[in-house]
Amino acid sequence: MNYENYDPFFPDQPVVDLYLPIWAKLSSFKSKPAFIWAEDGPLVQFSSITYEELNSSAQCISSELLLSLRKNDTVLVLCSPGLEFVEVIFGCQRAGVLAVPISPPHPSFSNGNWHHLLRVMSQTRPKVAIAQREYIKHVEKYVARSSNKKLSEALKKVRWISTEDLNGKKMEMQVKNVNFGYSGCNVDGVYLIQYTSGTTAIPKPVLVTAGSAAHNVRVARKAYDLHPNTVVVSWLPQYHDCGLMFLLLTIVSGATCVLTSPNTFVNRPRIWLELISEFKATCTPVPSFALPLVLKRGHAEATVTRTVNNPISMMSLMNLIIVNEPIYNDSCVEEFVEVFRPFGLNPLAISPSYGLAENGTFVSTSWKSSNCDKFSTYKKLLPSARLDEDHVDIEILVVNEDTNEIVEDGIEGEIWISSPSNATGYLGHPSLTQQVFNATLKNKAGKCYVRTGDRGVVEGEQRFLYVTGRCSDVIKLSNGQEIHPHYLETLTYNSCPNFLRGGCVAAFEMSESEYTSIVVVTEVQSKGEIESDMFLKQICEGIRKTIMKEEGVGIGLVVLVKIGNVPKTTSGKIQRWLAKYKFMKSQMNIIMQMKFDNNGNIQSTMQKMMQIGKKEAKKGKKVLVVEEEEGVFFAPTNRTLKSCL
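The name recorded for the protein in an unreviewed UniProt entry is AMP-dependent synthetase/ligase domain-containing protein, from Solanum verrucosum.

Take the pairing of strand β8 (residues 205–209) next. Of all five residues in β8, five are buried, a share of seventy percent or more. Where burial is concerned, the two faces of β8 agree: the one with Pro-205, Leu-207 and Thr-209 and the one with Val-206 and Val-208 are both buried. Across five bridges, strand β7 (residues 190–195) lies against β8 in antiparallel orientation. Along β8, the bridge assignment pairs Gln-194 with Val-206. With two bridges connecting them, β8 and strand β19 (residues 425–426) associate as antiparallel partners. Within β19, the residue paired with Leu-207 across the bridge is Gly-425.

The topology assignment puts Val-519 in strand β26 (residues 515–524). Note: C-alpha distance between Val-519 and Lys-595 (76 residues apart in sequence) is 9.2 Å. Excluding residues that lie within four positions of it along the chain, Val-519 makes contacts with Ala-506, Ala-507, Phe-508, Met-510, Leu-557 and Val-559.

Aromatic rings considered in pairs are described by the distance between their centres and by the relative angle of their planes. Scanning all chains against the criterion turns up 18 aromatic pairs. The interplanar angle of 85° and the centroid separation of 6.4 Å between the aromatic rings of Phe-265 and Trp-272 together place this pair among those described as edge-to-face. Its relative accessible area of 0% is what places Phe-265 among the buried residues. Looking at Trp-272, the relative accessible area reads 1%, which means it is buried. Here Phe-499 and Phe-535 contribute two aromatic rings whose centre-to-centre distance is 5.2 Å and whose plane-to-plane angle is 85°, an arrangement assigned as edge-to-face. With Phe-499 in the loop between α16 (485–495) and β25 (500–512) and Phe-535 in helix α17 (residues 533–551), the pair connects residues that are 36 residues apart, well separated along the chain. Classification of Phe-499 by relative accessible area gives buried; the value is 3%.

Glancing now at the environment of Leu-259. Along the polypeptide, Leu-259 turns up in strand β10 (residues 256–259). Put simply, Leu-259 and Leu-275 are 16 residues apart on the chain and 9.0 Å apart in space, counted from C-alpha to C-alpha. If near-sequence neighbours (up to four positions away) are discounted, Leu-259 is found in contact with Phe-35, Ile-36, Trp-37, Ala-38, Val-86, Ser-234, Gln-238 and Leu-247.

So, about unusual backbone geometry. For residues besides glycine, phi is generally negative; the peptide bonds are generally trans as well. In this structure, Phe-109 is a non-glycine residue whose phi angle is positive, near 50°. By relative accessible area, which is 5% here, Phe-109 ends up buried. Of note in the backbone geometry, Lys-280 takes a positive phi value of approximately 50° without being a glycine. Examined against the element boundaries, Lys-280 turns out to sit in the loop between α12 (270–278) and β11 (283–286).

Given a rise of 1.5 Å per residue, 13 residues ought to cover 18 Å, and the 18 Å separating the end C-alpha atoms of helix α4 (residues 83–95) matches this to within 8%. α4 sits mainly inside the fold: 12 of its 13 residues count as buried. Taken as a whole, α4 has its buried residues at Leu-83, Phe-85, Val-86, Glu-87, Val-88, Ile-89, Phe-90, Gly-91, Cys-92, Gln-93, Arg-94 and Ala-95. Positive backbone phi, approximately 80°, marks Gly-96, located one or two places after α4.

Cut-off values and rules
Residues numbered from 1 in each chain as written. Predicted model: local features only at pLDDT ≥ 70, side-chain atom pairs only at ≥ 80, totals over all residues. Heavy atoms only, no water. Buried < 20%, exposed > 50% of the residue type's maximum accessible area, 1.4 Å probe, protein only. Helix = DSSP H or I, 4+ residues; strand = E, 2+ residues; numbered from the N terminus. Pairing = 2+ DSSP bridges. Contact = heavy atoms within 4.5 Å. Phe/Tyr/Trp six-rings, centres within 6.5 Å; stacked < 30°, edge-to-face > 60°. Expected span 1.5 Å × (residues − 1).

Rendered as structure tokens:
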């Protein structure tokens, strides 16, 4: 069925929630699925919620929440991914309460997986926490027997509401056919606290207003040319960043979004391809680091029992949105396009994009910036924007981060953004808010910019913007030059791809007295694949030689560690700052480390399994402790998005 294009008839709404009643009243949208949930198994099971049902659900949940809460009260959302999560998010917006969605840590709260939850609760002080009933029961059992007083007290302070109870109230109110008035959030009111990913530092709470969020998804809708005929497929985490934005973007566009969980994708990457094929998806977001995983374990020609019954077709795709940065072309995107071109993938569908939590999420894309099959590249990177386009109320600059002056094209600097999508600041961080959200150019007062903390460079006649890395991660070489660690990490993996784990490498600087060296920490495959100590030494030497040959950079220390030791964010990005901290605190399971002098000669070699935890060390045990990552974690394989590559 085709749905009318609403743009000429329905003006943009000030907040996303106000789009729902409009769609729900249209006869062609009442029975149209807004969201479809795919649950994997022997057979993929689907459930859905229509625009009319979602609008009614948002009203009912809103009414129930406002029985005990006031507008602007804080609600902690600890629901697992699924349609219930979607309903709660829109119900909170309809009620005008402030939602704080985070990934629910395992209710055993073991292995330190509770630290982020406690941080969130202490910073946001929620009145209510919403979760599944079974999860709440586990929390109650934990509180009853736990010796962790800080966490127990925090968990007891909030009032817990189960999604099942909300659904029960919803059914009851629908039967009574209660007529509600709109009491949703205001344009300037904060409706969401979105935590940063933790790539460069401990996650920070970003305050997002309903108006800035609506602007952000309207800009994204226009940039990707989304409309009621659009079908989105997404497995990204729903509680954060891009995954959350696509929930709002679906409603603003009047589209249909097919969802599944990150764990489902990691377990069976092919399901992403199957959903695109079955629903004839026109748009799908994916981190570029997940593309090699699809090529390796989800290839369209893989000998899987579902292959015959579920042939892969990517002919419908108009937007294959690459959502992380920096975005390499030759290492993943180019290969992915070549492999899936025979299955209908149009190279023009590739949509390299840029975004960050401090700007709602979406900033820009370079999609449709060229009519040829291939993008221009800069040091193997794809562009994320074209600055000669008319961005109306959005301004993107590259600035010298020391002098606050705009740099010339071709010179790298920090990316600054001025946009109505900009968030208002960090909760409880006034000085940092002033520094990040209210930056001004030298000798140009008035206009404020968000300092993204990302490095970029503008190149070419079309003024393509290339995101080159993070400011805080830049490695300064002894000759005064600088290099981004992702180049060293990529070369490290390429030096021995059959033994090292793709996406599980961290490079950083470390000072010893007055001497600064570059450290590369990389995970290796299972211990059973290691043939000899000499083989390990050859791996370490090979890493240093490869990096020296390709980049002219001398590595001072190469460290081989066991699986699960290189920390990553919930979306699978390397946390170099945390990797450095863990290494310096001897909190990694090291298989071998090799130290080199300035001439590349081996200074020392150490092979041992380092202990984690004082008790185990005292007992002399060799143990492997893998921290449970927030969000993308499941037993028994302890895989995460990037550790599977």
